[in-house]
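Examination of the molecular architecture
Listed below are the residues making up each chain.
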Amino acid sequence: MPTHTMRAVRLHEHGGPEVLRHDEVPIPEPGPGEVLVRVHAVGVNPPDWYLRDGMSNLPPEVRPKFSLPVIPGTDLSGVVEAVAADVDGFCVGDEVFGLLRFPSFDGSTYAEYVAAPASDLALKPAGIDHVHAAGAPMAGLTAWQFLIDLGHDHPSPFQAAQHRPVPLDTNVTVLINGAAGGVGHFALQLAKWKGARVIAVASGAHESFLSELGADEFIDYTKSRPEELVHGVDLVLDAVGGPDSKRLLRALKRGGSQFPVFFGEFDEEETAKLGVTVTGTQVRSNGAQLAELGRLLDAGTVRVAIDSTFALADARAAHERAARGHIQGKIVLTVA
């Protein structure tokens, strides 16, 4: 077994990237149903900076509970170091990746070791390295649960009705707003895998990247408004959200749907008048779905784009990179 302490990045207070501290802490013990993972790489995701700034973007009644100090992070790729007696899917030495304990904020992946629920893990695709595998879980599962298969029946804190993906095939046109980011670039590839026609919206710098991923049409939002250029699409997946999200409803045909990945602001009367549906969900950890996505990653059908990598000790710089925006794919921390 390793020594009894490890390096981890923790928050002792809320604030900007400067509050991320590189600490020495005890190595966790895996409990029932868990494995201890030696972390090799960590995916950086929006919930990491929401946690860092104290969830100020969430209404107080839906904010998850957590106490400080806390180790942020949900995504990892690494190697199984120890296995609880009741776990039979994994062995010491297995390479694994996963989205841990989401939607709680107890993933604690910004660390050298993590106690991970075995049910949140899948075997890492042999064909990709730890950095690429660590970039896949949250963003890939978000795209999967919005577009392919919800895979659970937990109610969303954001809407009463259960989210239902729109069946995708060659007769369906999908517009993806924010197509170059983590969720967006997976959504584009999954929609293409299903045969759909995809219109990708991003800034001009990402045009060749998105064409390589299979986009049929590209719109540079810095030069034109997608809802003025495009009409009659079946589905809008909006990975950007915010108050401008409702403009994209005008790109939909009657009977079409808009899936806001982050909060949009919508007027029920307007959506009713347009004859469209707005529905979303909250991604949840799911090792079985991740194994399915892993097969597509192994085959090269879907690939993980890496925007940039930073050492774990440089988590602050990774968060500063995220704050600058215009991310192409995923930001990943490397551990060892």
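Residues numbered from 1 in each chain as written. Predicted model: local features only at pLDDT ≥ 70, side-chain atom pairs only at ≥ 80, totals over all residues. Heavy atoms only, no water.

The chain goes by NADP-dependent oxidoreductase in an unreviewed UniProt entry, where it is assigned to Streptomyces sp. 900116325.

Here we look at the side chain of Asp220
Mapped onto the fold, Asp220 is located in strand β10 (residues 217–220). In terms of polar contacts, Asp220 uses its side chain to reach the side chain of Thr222, at 2.6 Å. Apart from the residues within four sequence positions on either side, Asp220 is in contact with Ala202, Ser203 and Gly204. (Helix = DSSP H or I, 4+ residues; strand = E, 2+ residues; numbered from the N terminus. Polar contact = N/O pair within 3.5 Å; in protein donor to acceptor, adjacent residues only side chain to side chain. Contact = heavy atoms within 4.5 Å.)

Examining the nonpolar core
Counting 94 residues, the largest nonpolar core has Tyr110, Leu121, Leu188, Leu210 and Leu333 as its most contacted members. If one sorts the elements of this core by residue count, helix α3 (residues 137–147) sits on top with seven residues. Dropping the residues within four chain positions of it, Leu121 is found in contact with Val35, Val37, Leu76, Phe90, Val96, Phe97, Gly98, Leu100, Ala116 and Gly287. The next biggest cluster of nonpolar side chains, apart from the first, holds twelve residues, and it includes Ile219, Val236, Leu249 and Ala251. (Core = buried A, V, L, I, M, F, W, Y, C linked by side-chain atoms within 4.5 Å. Buried < 20%, exposed > 50% of the residue type's maximum accessible area, 1.4 Å probe, protein only.)

Some thoughts on the packing of aromatic side chains
Think of a pair of aromatic rings as described by two things: how far the centres are apart, and how the planes are tilted against each other in angle. Taken as a whole, this structure holds three aromatic pairs when the rule is applied. Here Phe102 and Phe105 contribute two aromatic rings whose centre-to-centre distance is 5.8 Å and whose plane-to-plane angle is 65°, an arrangement assigned as edge-to-face. No difference in accessibility class separates Phe102 from Phe105, as the two residues are buried. Considering the side-chain rings of Phe146 and Phe259, the 6.3 Å spacing of their centres and the 50° angle between planes classify their relative orientation as tilted. Here the residue Phe146 occupies a position in helix α3, and Phe259 occupies one in strand β12 (residues 252–260), the gap between them amounting to 113 residues. There is no split in this pair, since Phe146 and Phe259 are both buried. Cation over ring: Arg38 sits above Tyr113, and NZ or CZ is 5.2 Å from the ring centre. Directly above the aromatic system of Trp193 lies the positively charged group of Lys194, at a separation of 4.6 Å from the ring centroid. (Phe/Tyr/Trp six-rings, centres within 6.5 Å; stacked < 30°, edge-to-face > 60°. Lys NZ or Arg CZ within 6 Å of the ring centre and 35° of its normal.)

What about the packing of α3 against helix α8 (residues 287–299)?
Axis separation between α3 and α8 bottoms out at 10 Å; the angle between their running directions is 100°. The angle between the axes of α3 and α8 places the two elements in the roughly perpendicular class. On α8, the residues touching Pro137, Gly140, Leu141, Trp144 and Gln145 of α3 are Gln289, Leu290, Glu292, Leu293 and Leu296. (Axes fitted to C-alpha atoms, helices over the stretch in contact; angles between N-to-C directions. Parallel < 35°, antiparallel > 145°, perpendicular 65-115°, else oblique.)

What about the sheet that holds strand β11 (residues 233–238)?
Read across the sheet, six strands follow the order β10-β9-β8-β11-β12-β13 without closing on themselves; strand pairing throughout is parallel. Strands with a single pairing partner mark the edges of an open sheet, and in this sheet they are β10 and β13 (277–278). Judged from the two bridges that link them, β12 and β13 form a sheet pairing that is parallel. By the bridge assignment, Ser257 is partnered in β13 with Thr277. In this fold helix α4 (residues 182–193) packs onto β8 (173–177), β9 (197–202) and β11, with an angle of close to 165° to the strand it touches most, β9. (Pairing = 2+ DSSP bridges.)

Here we look at α4
An ideal rise of 1.5 Å per residue puts 16 Å on twelve residues; α4 measures up with 17 Å between its terminal C-alpha atoms. Counting buried positions along α4 yields ten of twelve residues, so the element is predominantly enclosed. Those residues of α4 that fall on the buried side of the exposure criterion are Gly182, Val183, Gly184, His185, Phe186, Ala187, Leu188, Gln189, Leu190 and Ala191. Looking one or two residues past α4, Gly195 carries a phi angle of roughly 95°, positive in sign. (Expected span 1.5 Å × (residues − 1).)

A closer look at α8
Residue pairs three or four apart in sequence face the same way in an α-helix, which turns once every 3.6 residues. Taking 1.5 Å as the rise per residue, α8 with 13 residues should run 18 Å; its terminal C-alpha atoms sit 18 Å apart, in good agreement. If you check which residues of α8 are buried, you get Gly287, Gln289, Leu290, Leu293, Gly294, Leu296 and Leu297. When α8 is viewed along its axis, its buried side chains cluster within an angular range of 160° and face the same direction. For α8, exposure combined with an orientation more than 90 degrees from the buried face picks out Ala288, Arg295 and Ala299. Looking at the buried residues of α8, the elements they touch are β5 (95–99), β7 (121–123), α3 and α4. Two to three positions downstream of the cap, the backbone nitrogen of Ala288 sits 3.2 Å from a side-chain oxygen, assigning the N-cap of α8 to Asn286. (Arc of directions from axis to C-beta.)

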